[in-house]
Structures are given as structure tokens and as C-alpha cells.
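Chain by chain, the residues:
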Amino acid sequence: GAVVSQHPSWVICKSGTSVKIECRSLDFQATTMFWYRQFPKQSLMLMATSNEGSKATYEQGVEKDKFLINHASLTLSTLTVTSAHPEDSSFYICSAILADTQYFGPGTRLTVL
Amino acid sequence: AQSVTQLDSHVSVSEGTPVLLRCNYSSSYSPSLFWYVQHPNKGLQLLLKYTSAATLVKGINGFEAEFKKSETSFHLTKPSAHMSDAAEYFCVVRGYSSASKIIFGSGTRLSIRP
């Protein structure tokens, strides 16, 4: 149990386009999901907390208009990187809470050309 | 306020020898502590967690960790390293409730020598 999936696992896009990343809890319901960003050889940086049926809570310094989060159901949260630029290239990881513990997705590698 | 410090950025051991990855935490109340492992270009996998039950916690793949309140430590150990253990390890402290944010350590890269 406690499997979290992400789609796609990797994506390459042109500068100025938007990219949507999905995070799903496959075998449980999650009212709260988290989105992280990880730079090479660094730890994870929390971007936002996604709450089902309400607005996401963004960390300081994270642009909410650039990183749109939607948590429309108990098993799905989406992160849309709008008007992507090369500096948005990164590894994005989501997590969901089950029984007191965060379980992480496999990550999505975004490369913006 | 909470924080977590991983004392070694890189640990290298020979296959078959013990592993020790060190973690110290700071918390104003009884913390929940976790160890996660990340293989290259992969997500994080939960190794074990401490949530105020037994102080010696056993996890997957032969890993265990001991919560020592007097030393504010939660070191990760394994009696005998395997080549497949080579990865990045993160010590994590969590806030009061299960929906609280978690604080990551900076990570320790474990290398295994043949």
C-alpha cells in the first residue's frame, strides 16, 4: 500500500510553454499532498502544500501564478508550470500523507529548452 | 522551531562492513523522525520512522535507527553494507500533526566499496 505515482516521469518543453504534472495516490485517499523541487545533489525544497477542495499554501518565494496547483479530488493533485523557462528545469517530487507518514512519488524531470 | 542536521555529506564503507549515518535534530516538542532513501533519479522511499513508540526502530533492508532524546540523535545503522545500499539518505523531522510540513536534512551520500 501507500503508492504515489507521478506522470509524466520526464518532460522536455520549449521556453514559454506550460507543463502539467500529475500526482496520484493509487491505493489511498489523501486530503493533503505536497510538492517539492530538487536541484542536483541537493535536498528537497518544499514548494507548496496542496489541500483537497481548497487553495494551496505556497512557501515563501514560490510564485503561485507560475506554479499552479489544483487538488480537485482525494487522489489527484496537479502542478502546472506556466510559461516555463530554463531556470524552471528541475526534478519535481510530490508526496501524500497516509497514517502519519509522507509517501513520495517517483519524481518528474522537467527540462525547459 | 525544528531543524535537522546530517553530520556527514558523504560516507564511504566497504561492502560487508557496518554503516552509520548520523542525524541530530532540534525540536521544541516530541518529534516524529524519519529516514528516507533516494536512488539516482528516483523518488524517496521510506526506510523507517519514529513516532514516540519504541526508541529502537527497525526498517526495511536491514536498517535500523535509535532515538536518543538525551543526545537529540536519530542515527541510522546497518550491520553489513550491500552494494545496493549506495544512495542518498535523508533524515527528516516532522511537525506536531501528520499534516505538518517536514524538514529535510541536507542528505548523506552513501558509497559502497567492493
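Anything mentioned here points back to the structure above.
None of these values were measured; they are calculated from a predicted model. (Residues numbered from 1 in each chain as written. Chains lettered and ligands numbered in written order. Predicted model: local features only at pLDDT ≥ 70, side-chain atom pairs only at ≥ 80, totals over all residues. Heavy atoms only, no water.)

Remarks on the side chain of Lys78(B)
All names here are of chain B.
Alright, step 1. In this structure, Lys-78 sits in strand β9 (residues 73–78).
Alright, step 2. Accessibility expressed as a relative area gives 10% for Lys-78, which makes it buried.
Alright, step 3. At 3.0 Å, the side chain of Lys-78 and the backbone oxygen of Asn-61 are in polar contact.
Alright, step 4. Beyond its immediate sequence surroundings of up to four residues, Lys-78 is in contact with Pro-18, Val-19, Asn-61, Gly-62, Phe-63 and Asp-85. (Helix = DSSP H or I, 4+ residues; strand = E, 2+ residues; numbered from the N terminus. Buried < 20%, exposed > 50% of the residue type's maximum accessible area, 1.4 Å probe, protein only. Polar contact = N/O pair within 3.5 Å; in protein donor to acceptor, adjacent residues only side chain to side chain. Contact = heavy atoms within 4.5 Å.)

Observations concerning the pattern of salt bridges
Here the idea is simple: oppositely charged side chains can pair when their charged atoms come close.
Residues and elements named next belong to chain B.
Alright, step 1. Across all of its chains, the model carries five salt bridges over all chains by this definition.
Alright, step 2. In this structure, Glu-64 and Lys-58 form a salt bridge, with 2.8 Å as the shortest nitrogen-oxygen distance.
Alright, step 3. A relative accessible area of 62% means that Lys-58 is categorised as exposed. (Salt bridge = Lys/Arg side-chain N within 4 Å of Asp/Glu carboxyl O.)

What to know about the interface of chain A and chain B
Alright, step 1. With 22 residues of chain A at the interface, the matching set in chain B holds 20 residues.
Alright, step 2. For the pair chain A and chain B, the summed buried area comes to about 1,500 Å², and 53% of that belongs to carbon and sulfur atoms.
Alright, step 3. Broken down residue by residue, the surface that chain A buries against chain B is led by Ser43(A), Asp100(A) and Phe104(A), which jointly contribute 32%.
Alright, step 4. Summed over the shared surface of chain A and chain B, the result is zero salt bridges.
Alright, step 5. On the surface where chain A and chain B come into contact, there are seven residue pairs in polar contact (both at pLDDT 80 or more).
Alright, step 6. Listing elements by their share of the side of chain A that touches chain B, those giving two or more residues are β4 (32–38), β5 (44–51), β9 (90–98) and β10 (101–104) of chain A.
Alright, step 7. Partitioned by chemical class, the residues of the side of chain A that touches chain B number 11 nonpolar, eight polar and three charged. (Buried area = accessible area lost by both parts, 1.4 Å probe. Nonpolar A, V, L, I, M, F, W, Y, C, P; charged D, E, K, R; others polar.)

Section: the state of the cysteines
Alright, step 1. Tallied over the full model, the rule gives two disulfides over all chains.
Alright, step 2. Two residues, Cys23(A) and Cys94(A), share a disulfide whose sulfurs are 2.0 Å apart. Across the S-S bond linking Cys23(A) and Cys94(A), the dihedral sits near 80 degrees, which makes this disulfide right-handed. Of the two residues, Cys23(A) sits in strand β3 (residues 19–25) while Cys94(A) sits in strand β9, which places them 71 residues apart along the sequence.
Alright, step 3. Disulfide partner of Cys23(B): Cys91(B), at an S-S distance of 2.0 Å. An S-S torsion of about -65 degrees defines the bridge between Cys23(B) and Cys91(B) as left-handed. Residue Cys23(B) is located in strand β4 (residues 23–26), and its partner Cys91(B) is located in strand β10 (residues 87–94); the two are separated by 68 residues in the primary sequence. Both residues of the pair, Cys23(B) and Cys91(B), belong to the buried class.
Alright, step 4. Unpaired in terms of disulfides, Cys13(A) finds its nearest cysteine sulfur in Cys94(A), a separation of 18 Å.
Alright, step 5. Classification of Cys13(A) by relative accessible area gives buried; the value is 9%. (Disulfide = S-S within 2.5 Å.)

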